[in-house]
Amino acid sequence: MNDGFFRAAAATPEIRVADCQHNKEAIRRLMETAAARGVQAVVFPELCLTGYTCGDLFLQEPLLRGAEQALGELMEETAPLPLLAVVGLPVRAGGALYNCAAVFCGGRLLGLSAKSSIPNYGEFYEARHFTPAPDLMETELCGQLVPLGRSILYRCAGWADCAIGVEICEDLWGPEPPGTGLALAGATLLLNPSASDEVVGKAAYRRSLVAGQSARLLCGYVYADAGEGESTTDLVFSGHNVLAENGAVLAESAPFTTGLTEADFDLERMAAERRRNTTWQGGGEGALATAEFSLPCTSFPLRRAIDPMPFVPKGDADLAERCEMILSIQAAGLRARLRCANSTHAVVGVSGGLDSTLALLVCARAFDSLGLPRSGILAVSMPGFGTTGRTRSNAQKLAELLGAEFRQVPIGEAVQLHFRDIGHDPEIHDVTYENSQARERTQVIMDLANQNGGLVVGTGDLSELALGWATYNGDHMSMYGVNASIPKTLVRHLVRYAAAQAGGLLEQVLLDVLDTPVSPELLPPVDGDIAQKTEDIVGPYELHDFFLYYLLRFGFGPGKIYRLACAAFQGAYEPPVVKKWLAVFYRRFFAQQFKRSCLPDGPKVGTVALSPRGDWRMPSDASARLWMAEIEAL
């Protein structure tokens, strides 16, 4: 069903108190508009067929008959619409009056979800008219026999992840909202028809409640508020509609407006979150009845904003806060490892590139926090056949400005000797030519660490680990990998943040590092410039980081990731380009698992990581056939 996306809306019609026919027409028009926009479920405010502020008129027979008649006509008139609707009205049943939400689809009444928490304080006196929801009963309304109760689950036929629950207004404010049990029973989307009056400060509290409930229950939440037309005898209603998913507000209406507020919910994502969260005890007895409905399987263009940089926060303040936290986590992890090893020295291979620059900055922070002199950091430049003057110079300047000891150990002669030993023609620039340099560099820094009684600090990042862009037992290995859980798209921002914090000459050097193409520098330069650019070979890191995020964080398949990427990078990469690099990503991700199975320790900084000890356990011999077939079929 549309890659798990479900379009839902909160609707605030302009009503007239006690005029059921007028209100029915207003609701019908919004339902038709919603259906035309591809909305699959729409929720209207509490008691909207009559108006919430009817007071003692709720005890009048004409109003109750008028509400039922209006509901029957509404269901008949909107039966052709491919839409689930939730409409509030008072319902008589078993000698009591209940504040209900009628849930219907295709002209069929599915159930009457009743309000459990009936307020009777301050300006609210619902207990004067309404009885709290029963657990479950059957009643007839509009000629249809349906369940009425506090916990009814509405399931979409043929779509396991689409299950809907309803709780009404004050239910959300209570200590045990019925939505909790409904979510535990499988509801991935909760709908709330509400009539919440507007007073100073209440909108922020209401917003936090809705967002918090969606986060706690790992679900989508649609809150529809009463607005224009309700009686202003004592209260004013603003139509404040809020739509949230797992703690994030997706859409929100402006105060004192009417109409639709809609959003695309990712129900597959919510189901995936629940599966990976072992403290989520789903499959409970929260629903006392289940009703099934059907919606056509249609695809629609997403209106949901898809962030092309899921690892990078938006906004300067949030980004700065994130960078500071990550650098602190990295430094804290290295500090603990140095203290545990009783070591006062660290060795870092510096290339003048982004990753080794970040690792050196983290070393400086860790040494400062331990009260150790930065001279205990040995920054080693190991120029090989592809090293350029620019990167070598930046490496030295960076080390000197940070107060680390700098040493240059050229590896060309040692690698040439190795070529003679193994019988390799140095004119053949193949993987042996490249990896011999990487492994020679690792031997140099490991031996220097032994000489100094120090630890080799690894520089490889999360993106390289995902793609296997490391030489096995070369730069793949260290004694502590400080960048192991940081994607390449975030490395840039960390270095940029450190540059802004440093200022002066150090900032200038860091900015030049940022401006240097990403390269392992293993092939000879062309006219003094870098000849080997990583992203020309494996593809753009911004795409690979996007693929990695949705693969690991939610377990999405290649088809859905492709669709999300096409939406997120629209105008930057054409769909065939996205497909090409998606295939490269999956092919490399599966083939290179053996490198990830024996990674050194490193600090985890975010929810996506590849440590074989806790975050990603995958057999090295797993077949990528299912995933590649899905890509080929795109």
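Scope of this entry: the structure provided in the associated data block. (Residues numbered from 1 in each chain as written. Predicted model: local features only at pLDDT ≥ 70, side-chain atom pairs only at ≥ 80, totals over all residues. Heavy atoms only, no water.)

### Side note on the pattern of salt bridges
Pairing between side chains of opposite charge can happen when the charged atoms of each approach one another. One pass over the structure, following the stated rule, counts 37 salt bridges. The closest approach of N and O atoms between Glu-245 and Arg-304, which form a salt bridge, is 2.6 Å. Here Arg-304 lies in the loop between strand 17 (289-293) and helix 7 (316-340) and Glu-245 lies in strand 14 (residues 242-245), a separation of 59 residues in the sequence. Residue Arg-304 is classed as buried on the basis of its relative accessible area of 14%. Taking the shortest distance from any N to any O, the salt bridge between Asp-307 and Lys-314 comes out at 3.0 Å. When salt bridges that share partners are traced, they join Lys-24, Glu-25, Arg-28, Glu-32, Glu-73 and Glu-77 into one network. (Salt bridge = Lys/Arg side-chain N within 4 Å of Asp/Glu carboxyl O. Helix = DSSP H or I, 4+ residues; strand = E, 2+ residues; numbered from the N terminus. Buried < 20%, exposed > 50% of the residue type's maximum accessible area, 1.4 Å probe, protein only.)

### Quick notes on the environment of Gly-539
Within the fold, Gly-539 resides in the loop between helix 15 (534-538) and helix 16 (541-554). Here Gly-539 falls in the buried class, since its relative accessible area comes to 0%.

### A look at helix 2 (residues 61-77)
Across its 17 residues, helix 2 extends 24 Å between first and last C-alpha, which sits within 8% of the 24 Å expected from 1.5 Å per residue. Taken together, the buried positions of helix 2 are occupied by Leu-63, Leu-64, Gly-66, Ala-67, Ala-70, Leu-71, Leu-74 and Met-75. Looking straight down helix 2, one finds that the buried residues subtend no more than 165° of arc, so they occupy a single side. Residues of helix 2 that are exposed and angled more than 90 degrees away from the buried face: Pro-62 and Glu-76. At its buried positions, helix 2 is contacted by helix 1 (20-36), strand 3 (84-93), strand 4 (96-105), strand 5 (108-114), strand 8 (136-141) and strand 9 (144-149). (Expected span 1.5 Å × (residues − 1). Arc of directions from axis to C-beta. Contact = heavy atoms within 4.5 Å.)

### Some details on the sheet that holds strand 17
Taken together, the 7 strands give an open sheet; going across it, the order is 15-14-13-12-11-10-17, and neighbouring strands pair in mixed fashion. With partners counted over all chains shown, the strands left at the sheet margins are strand 15 (248-252) and strand 17, one partner each. Each strand axis lies, on average, 20° off the axis of its neighbour in the sheet, ignoring direction. This element, helix 5 (residues 202-216), spans strand 13 (220-225), strand 14 and strand 15 of the sheet and lies at about 155° to strand 13. (Pairing = 2+ DSSP bridges. Axes fitted to C-alpha atoms, helices over the stretch in contact; angles between N-to-C directions.)

### Describing the environment of Arg-335
With respect to the secondary-structure elements, Arg-335 resides in helix 7. If sequence neighbours within four positions are ignored, Arg-335 has contacts with Ala-366, Ser-369 and Leu-370.

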